[in-house]
Amino acid sequence: MSIEIESADVVRLIQQYLKESNLTRTLQVLQEETSISLNTVDSQDAFTSDIINGHWDTVLKAIQTLKLPDKKLIDLYEQVVIELIELRELGAARSLLRQTDPMIVMKQSEPERYLHLENLLARSYFDPREAYPEGGSKEKRRAQIAQSLAGEVSVVPPSRLLALLGQALKWQQHQGLLPPGTQIDLFRGKAAMREQEEEKYPTQLSKQIKFGSKSHIESAAFSPDGQYLVSGSVDGFIEVWNFTTGKMRKDLKYQANENFMLMEDAVLCLAFSRDSEMLASGSEGGAIFVWKISSGQMLRKFEKAHSKGVTSIQFSKDNSQLISASFDMTVRVHGLKSGKTLKEFRGHTSYVNCVTFSADAHQIISASSDGTVKVWNAKTTECANTFKSLGGATGGDVHINSVHPLPRNQDQMVVCNRTNTVVIMNMQGQIVRSFTSGKREGGDFITCTLSPRGEWIYCIGEDYILYCFSVITGKLERTLNIHEKDVIGVSHHPHQNLLATFAEDGLLRIWKP
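Structure report, in brief. (Residues numbered from 1 in each chain as written. Predicted model: local features only at pLDDT ≥ 70, side-chain atom pairs only at ≥ 80, totals over all residues. Heavy atoms only, no water.)

### Focus: the overall build of the chain
The cut-off we apply is this: To qualify as a helix, a DSSP run of H or I must reach at least 4 residues; to qualify as a strand, a run of E must reach at least 2; elements of each kind are numbered from the N terminus. We call a residue buried when its accessible area falls under 20% of the maximum for its residue type, exposed when it is over 50%, and partly exposed in between, using a 1.4 Å probe and counting protein chains only. The criterion used for residue contact is that any of the two residues' heavy atoms lie within 4.5 Å. Only the protein chains shown count as covering a residue, and every accessible area follows the Shrake-Rupley method with a 1.4 Å probe. His is not counted here, nor are the chain ends, while Lys and Arg score as positive and Asp and Glu score as negative. One atom stands in for each charge, and that atom is NZ of Lys, CZ of Arg, CG of Asp or CD of Glu.
Each helix and strand in the chain was counted, giving 12 helices and 31 strands. The buried share of the chain, taken over its 513 residues, is 47%. Taking as baseline every contact in the chain between residues at least 6 positions apart, the subset at least 24 positions apart corresponds to 47%. Surface exposure of the chain reaches about 26200 Å², of which carbon and sulfur atoms provide 49%. Averaged over its 57 positive side-chain charges, the chain has a centre that lies 2 Å from the centre of its 60 negative ones.

Here you go:
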């Protein structure tokens, strides 16, 4: 059984996509070049009811993208002109009568009918009997126009193109052509497919990138699509790496020409948007820049995002906002459209070291050197909960390094503090499980990350050792000596078993199982 697909239908699918994406110029050109018009409205009932109720601004906007016969357009515009005259909106009536295509066509093909409108316009009063001869009325004319235009338009469910693509992928998945959990690259077909790997801890060095000790890196991040590894250095450079070869990405034109993304101070944190197209960087001077990773171009600049260094940054799910934490003891939300700081969350009494959205994005979670994790209402900026630090042997406040929502369990998060114990805590502040390095001295954790599915917690201690905790068994499964100097941070690849660590020795190391 073969299915014939009309090329005109393919064009219409693209036209609908353009219309829904507000790409009106492209839509217009496509309609002109192919002589195929979309002629759809969101709802036929709404369209006819707008005509019957005389909502002409909505109607005229809706017909811009429709191809309608001249005769029907002339009837419609004539009615709008008459009603504008009745409302004594003479200026609007005059420009509609003299400057729109349907009225110009009427002037050429039916001069008497056109003159009739000019005469109505010239009168100092409005007489419905003159406007609607032969026992007609405004309501009758509206109903006739609604009926004649309704026959010209059709209603199509929204986003047909995306729906069809989704169905095609579902079918491929059903046929076993796309294993579940694969990243799908629609354009390249199966090129971007990957099997879902079993999560394993690292045991050996895969690649090493050397920075001078004077220009060591302060931050690193993999992109969510797994294509890029980006580093931010103490001298303000932001560089994109090929993590399989350990070399700089020269397929990015700007890097090949040595035009790097650059900040004025040390780059303390980096974060990608969910589509991996934008990169946000936060500096020691309190600035946040947003970059387009493919071109290296700066899209947004928040010069004074904070009064002190920016320690942590994250995009909102829809990429319209950024949240950031800072040494100035605040958490702030910034709007990418407006380029302004929109909200501030105050309450921590020391550095805020980490900030993240909860899974549903209704709450914001922050971790601070004041020994608390705070949960905030993202809308109102009120602090909903404060959880005191966990297990400091000295009893004083324990510096909290970071907090990580568990990917598979939205009610739980991993809290890493400056002790030898890392914990899983629920959103009510209760400790569900804890994992310890077992060291009395020098085993305090300074940084931590999770594997993509949250099966492993990777902590690095003051002793330069990586501790690999299995969430499934609850045990410390492996330790690994990873650097010779103080470790600064760690980042996990989004779907491969690769871990990037970086330290004050100027090395960025990539570890594999």
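Still more ground to cover, so stick around.
### Description of a nonpolar patch on the surface
Definition in use: Patches draw on residues past 30% relative accessible area with no salt bridge. Two like charges within 9 Å are joined, as are two nonpolar side chains (Val, Leu, Ile, Met, Phe, Trp, Tyr) within 5 Å. Only one rule defines a salt bridge in this text: a Lys or Arg side-chain nitrogen within 4 Å of an Asp or Glu carboxyl oxygen.
A cluster of nonpolar residues, Ile3, Ile5, Val10 and Ile14, forms a patch on the protein surface that exposes about 390 Å² of accessible area. Position of Ile3 relative to the elements: it lies in the segment before helix H1 (7-20).

### Notes on the nonpolar core
As a rule of thumb, soluble globular proteins bury nonpolar side chains together. Worth spelling out the cut-off: For our purposes a nonpolar core is just a set of buried Ala, Val, Leu, Ile, Met, Phe, Trp, Tyr and Cys residues, chained together by side-chain atoms within 4.5 Å.
In this structure, Phe47, Ile51, Ile63, Leu76, Val81, Met103 and Leu117 are the most contacted members of the largest nonpolar core, which totals 34 residues. Every element with two or more residues in this core is listed here: helix H3 (44-52), helix H4 (56-63), helix H5 (70-86), helix H6 (90-99), helix H7 (101-109), helix H8 (111-122) and helix H10 (138-150). Tallying contributions element by element places H5 first for this core, with 9 residues. For Val81, the contacting residues outside a window of four places in its chain are Ala93, Leu96, Leu97, Met103 and Leu117.

### Observations regarding the sheet that holds strand E30 (residues 499-503)
The following threshold applies: Strand pairing is assigned whenever DSSP identifies at least 2 bridges connecting the two strands. The axes are straight lines fitted to the C-alpha atoms, using for helices just the contacting stretch, and the angles between their N-to-C directions are given from 0 to 180°.
Overall, antiparallel pairing links the 4 strands, which are arranged E3-E31-E30-E29 in an open sheet. In this open sheet, the two edge strands, each paired with only one partner strand, are strand E3 (204-210) and strand E29 (487-492). Recorded for the sheet is a direction-independent mean angle of 20° between the axes of neighbouring strands.

### Topic: the pairing of strand E19 (residues 372-377)
Two faces, one strand: in a regular strand the side chains alternate between the faces of the sheet. Within E19, 5 of the 6 residues are buried, which leaves it mostly tucked inside the rest of the structure. If you look at the hairpin formed by E19 and strand E20 (residues 383-388), you'll find 5 residues sitting between the two strands, and Thr381 has a positive phi there, around 70°.

### Considerations on the sheet that holds strand E11 (residues 288-292)
The pairing of strands in a sheet comes from backbone hydrogen bonds and takes either a parallel or an antiparallel form. Spatially, the 4 strands line up as an open sheet ordered E9-E10-E11-E12, and their pairing is antiparallel. The open sheet has two edge strands with one neighbour each: strand E9 (267-272) and strand E12 (297-302). Averaged over neighbouring strand pairs, the angle between their axes works out to 20° when direction is ignored. Bridging between strand E10 (residues 278-283) and E11 involves 5 bridges; their strand directions are antiparallel. What sits directly across from Met278, in E11, is Lys292.

### Comments concerning H7
Selection rule: The arc in question is the one traced by the directions running from the helix axis out to the C-beta atoms.
By the burial criterion, the buried members of H7 are Pro102, Met103 and Met106. When H7 is viewed along its axis, its buried side chains cluster within an angular range of 95° and face the same direction. Facing away from the buried side of H7, by more than 90 degrees, are the exposed residues Asp101 and Gln108. Considering only its buried residues, H7 is in contact with H5, H6 and H8.

### What to know about unusual backbone geometry
Not every positive phi belongs to a glycine, and Glu258 is a case in point at roughly 60°. Tracing the chain through its elements places Glu258 in the loop between helix H12 (253-256) and strand E8 (261-262).

### Observations regarding H4
Among the residues making up H4, those that are buried are Trp56, Val59, Leu60 and Ile63. The arc enclosing the buried residues of H4, seen along the axis, measures out at 95°, which places them on a common side. Exposed residues lying more than 90 degrees from the buried face of H4 are Asp57 and Lys61. Where H4 is buried, its residues contact H3, H5 and H10.

### Looking at the packing of aromatic side chains
Aromatic ring pairs are reported here in terms of the distance separating the ring centres and the angle at which the planes meet. Selection rule: Aromatic pairs are defined between Phe, Tyr and Trp rings, using the six-membered ring for Trp, whenever the two ring centres lie within 6.5 Å; interplanar angles under 30 degrees are classed as stacked, those over 60 as edge-to-face, and all others as tilted.
Counted under the stated rule, the structure contains 13 aromatic pairs. For the ring pair Phe445 and Phe469, a centre distance of 6.0 Å and an interplane angle of 80° mean the geometry is edge-to-face. One end of the pair, Phe445, is in strand E25 (residues 445-450); the other, Phe469, is in strand E27 (residues 465-470), with 24 residues separating them in the sequence. The exposure class assigned to Phe445 is buried, which follows from its relative accessible area of 0%. Given a relative accessible area of 1%, Phe469 falls into the buried group. Among the aromatic residues, those joined into a ring-pair cluster are Phe435, Phe445, Tyr467 and Phe469.

### Some thoughts on the pairing of E29
Extensive coverage of E29 is indicated by the burial of 5 of its 6 residues. The loop that links E29 with its antiparallel partner E30 comprises 6 residues.

### Quick word on the packing of H5 against H10
The description of two helices packed together rests on the angle between their axes and the distance between the axes. To keep things clear, this is the line we draw: Note that the term roughly parallel is reserved for angles under 35 degrees, roughly antiparallel for angles over 145, roughly perpendicular for angles of 65 to 115, and oblique for everything else. Left-handed describes a crossing whose near helix is turned anticlockwise from the far helix by less than a right angle; the clockwise case is right-handed. Classification convention: Asp, Glu, Lys, Arg as charged; Ala, Val, Leu, Ile, Met, Phe, Trp, Tyr, Cys, Pro as nonpolar; all other residues, Gly among them, as polar.
Between H5 and H10, the shortest axis-to-axis distance is 10 Å and the interhelical angle comes to 150°. Comparing the axis directions of H5 and H10 gives the class roughly antiparallel. Remark: the crossing between H5 and H10 carries left-handed chirality. Contacts between H5 and H10 involve Lys72, Asp75, Leu76, Glu78, Gln79, Glu83 and Glu86 from the former and Lys138, Arg141, Arg142, Ile145, Ser148 and Leu149 from the latter. A per-class count over the contact of H5 with H10 returns 3 nonpolar, 2 polar and 8 charged.

### Focus on the packing of H7 against H8
With their axes 5 Å apart at the nearest point, H7 and H8 run at an angle of 120° to one another. On the basis of the axis angle, H7 is oblique to H8. Of the residues in H8, those touching H7 at Met103, Met106, Lys107, Gln108 and Ser109 are Pro111, Arg113, Tyr114 and Leu117. Taken together, the residues of the contact of H7 with H8 break down into 5 nonpolar, 2 polar and 2 charged.

### Considering the side chain of Asn319
Tracing the backbone through its elements, the reader meets Asn319 in the loop between strand E13 (310-315) and strand E14 (321-326). For Asn319, the residues in contact, after removing those within four places along its chain, are Ser273, Arg274, Asp275, Met278 and Leu336.

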